[in-house]
Amino acid sequence: MSDGPTYGFDTLQIHAGARPDPATGARQTPIYQSTAYVFRDADHAAALFNLQEVGYIYSRLTNPTVAVLQERIATLEGGVGAVCCSSGHAAQIMALFPLMGPGKNVVASTRLYGGTVTQFSQTIKRFGWSAKFVDFDDLDALKAAIDDDTRAVFCESVANPGGYVTDIRAVADVTDAAGLPLIVDNTSATPYLCQPISQGATLVVHSTTKYLTGNGTVTGGCVVDSGRFDWSASDKFPSLSAPEPAYHGLKFHETFGNLAYTFHGIAIGLRDLGMTMNPQAAHYTLMGIETLSLRMQKHVENAKKVASWLEQDPRVDYVTYAGLPSSPYAERAARCYPKGTGGLFTVALKGGYDVCIKLVDSLEIFSHVANLGDTRSLIIHSASTTHRQLTPEQQAAAGAGPNVVRVSIGIEDADDLIRDLDQALTKACG
Ligand SMILES: *Cc1c(COP(=O)(O)O)cnc(C)c1O
């Protein structure tokens, strides 16, 4: 689309980044299933390799289908640029990579997707990086955790497995004062329910595997840059502010301004780490994003109905859904997430571990899978699966104790979902 009026979300989710194919007029974005792109001549090739001209070289770095998705997500998030990756976890490594170095740390919320807790507490140590986990409701603890070696602060907007929502503005006030970038994983909220950049986030990461694609077909991830952080304000971010030996001493921030982080993500991150999204995956995700707002409205509507029903059921101990009036985060949810808090929540059963296992085995519409953000309703017993690698303390902090199941409410008929849960609870509770 041309520069013109600012379009609304529903228009941008269909059009941003895309234009009819100049060669054929194809209206839908073609899947450019090509590894390489012919240079106009040797000078053109040299300019591309020197980053003096922007264009397509090789699909590990850039691909026209993936580029449309990058622009689509960046626009919906209110960022200046984005880099798509092979998965959400790849996006998290890609997001940290330009910021971190041996001995440096990221301060992260305790309320995170289980896989992220494992990635941050175990795997990143191999790079010499480390993570410190703190309760982001305790802003003094957050401030105290930040030290001279901290290079980023990380949290989720609507946290997986549900029930918790972050006050991003309050956290951003702390990171702004500390001169650090705030990275927000916006997977569970999506830009329809929350735009972290408008609340002060520096970078947004996504697992596009989930709601953005929306139907459980492909894995993918994305890093979106707000373009607002001054990488040269301190000497903490030399990858972006100091001369880069791999490009003849080019300084990314000086050369590319507010696009420095995005260019670094492609020219160094994708080039050397190779966590590239393939054009087929980008195609499926583009298809999904076209209906994002419609799906999120229905996910929220259904989740409210199902959570309310579960909450009053005597077999249920408690339900953690930030969209319920009984939630301790109800006020924050209404203030920071006025369109709703998504389709994820956890249910604690009075019966404990065995009843949870029986419940997931007795459901008919809900599928027992390690995924979320699908059109179909999903359920998982986190303690025996996704959160299995965590200590009991970490499980409890993540809201994934042994008596808890996590549900991802789909866009089926809410009454059918309630009937399914009712019959399965009857079987599970004996
Ligand atoms: C699934 C998920 C991830 C990891 O994404 P993958 O695409 O599975 O690598 C990260 N954060 C959150 C909140 C998730 O739900």
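Residues numbered from 1 in each chain as written. Predicted model: local features only at pLDDT ≥ 70, side-chain atom pairs only at ≥ 80, totals over all residues. Heavy atoms only, no water.

Participant: Please provide a residue-by-residue account of the pattern of salt bridges, values included.
Facilitator: With the rule as written, the count across this model stands at 18 salt bridges. The salt bridge involving Asp-147 is made with Lys-132; its shortest N-O contact spans 2.7 Å. In this pair, Asp-147 is assigned in the loop between helix 6 (139-145) and strand 4 (150-156) and Lys-132 in strand 3 (residues 130-134), connecting sequence segments 15 residues apart. Looking at Asp-147, the relative accessible area reads 30%, which means it is partly exposed. For Lys-132, a relative accessible area of 28% gives the class partly exposed. Across the salt bridge formed by Lys-143 and Asp-140, the nearest N and O atoms sit 3.8 Å from each other. Separated by three residues within a single helix, Lys-143 and Asp-140 lie in helix 6, roughly one turn from each other. (Salt bridge = Lys/Arg side-chain N within 4 Å of Asp/Glu carboxyl O. Helix = DSSP H or I, 4+ residues; strand = E, 2+ residues; numbered from the N terminus. Buried < 20%, exposed > 50% of the residue type's maximum accessible area, 1.4 Å probe, protein only.)

Participant: Lay out helix 12 (residues 279-289) in plain terms, naming residues and giving numbers.
Facilitator: Burial runs high along helix 12: eight of the eleven residues are buried. Among all positions in helix 12, only Pro-279, Ala-281, Ala-282, His-283, Thr-285, Leu-286, Gly-288 and Ile-289 are buried. The opening residue of helix 12 is Asn-278, an N-cap whose side-chain oxygen sits 3.0 Å from the backbone nitrogen of Gln-280. (Polar contact = N/O pair within 3.5 Å; in protein donor to acceptor, adjacent residues only side chain to side chain.)

Participant: Account for unusual backbone geometry, naming residues and giving values.
Facilitator: For the bond running from Asn-160 to Pro-161, omega is 10°, close enough to zero to count as cis. Looking at where Pro-161 falls in the secondary structure, it is placed in the loop between strand 5 (158-159) and strand 6 (164-165). Of note, Thr-190 is a non-glycine position whose phi angle comes to about 65°, a positive value. For Thr-190, the position within the fold is in helix 8 (residues 190-193).

Participant: Report on the pairing of strand 3, specifying residues and quantitative values.
Facilitator: The side chains of a regular strand alternate between the sheet's two faces. Sheet topology places strand 2 (residues 105-109) next to strand 3; five bridges connect them, and they run parallel. Bridged to Ser-109 within strand 3 is Val-134. Between the parallel pair strand 2 and strand 3, the chain is carried across by helix 5 (residues 114-121), and the sense of this crossover is right-handed. (Pairing = 2+ DSSP bridges. Right-handed = clockwise from strand over helix to strand, strands pointing away.)

Participant: Quick one: what's the story with the packing of helix 4 (residues 88-96) against helix 11 (residues 260-273), residue by residue and with numbers?
Facilitator: When two helices pack together, their arrangement is given by the angle between the helix axes and the distance between those axes. Where helix 4 meets helix 11, the axes come as close as 10 Å, and the angle between the chain directions of the two elements is 115°. As helix 4 packs across helix 11, the resulting crossing turns out to be right-handed. Taking contact as the criterion, the partners of Met-94, Ala-95 and Leu-96 in helix 4 are, on helix 11, Tyr-261, Gly-265, Gly-269, Leu-270 and Leu-273. (Axes fitted to C-alpha atoms, helices over the stretch in contact; angles between N-to-C directions. Left-handed = near helix turned anticlockwise from the far one by under 90°. Contact = heavy atoms within 4.5 Å.)

Participant: Describe the packing of aromatic side chains, naming the residues involved and giving the relevant values.
Facilitator: Across all of its chains, the model carries 14 aromatic pairs by this definition. When the centroid spacing of 5.7 Å and the interplanar angle of 40° are considered together, the rings of Phe-252 and Phe-256 count as tilted. Of this pair, Phe-252 and Phe-256 both sit in helix 10 (residues 252-256), four residues apart, roughly one helical turn. Each member of the pair, Phe-252 together with Phe-256, is buried. Put simply, the rings of Phe-229, Trp-231, Phe-237 and Tyr-261 pair up and form one aromatic cluster. When the ring centre of Tyr-164 is taken as origin, the NZ or CZ atom of Arg-111, which lies over that ring, is 3.9 Å away. Lying over the aromatic face of Tyr-113, Lys-210 brings its terminal NZ or CZ to 4.8 Å of the ring centre. (Phe/Tyr/Trp six-rings, centres within 6.5 Å; stacked < 30°, edge-to-face > 60°. Lys NZ or Arg CZ within 6 Å of the ring centre and 35° of its normal.)

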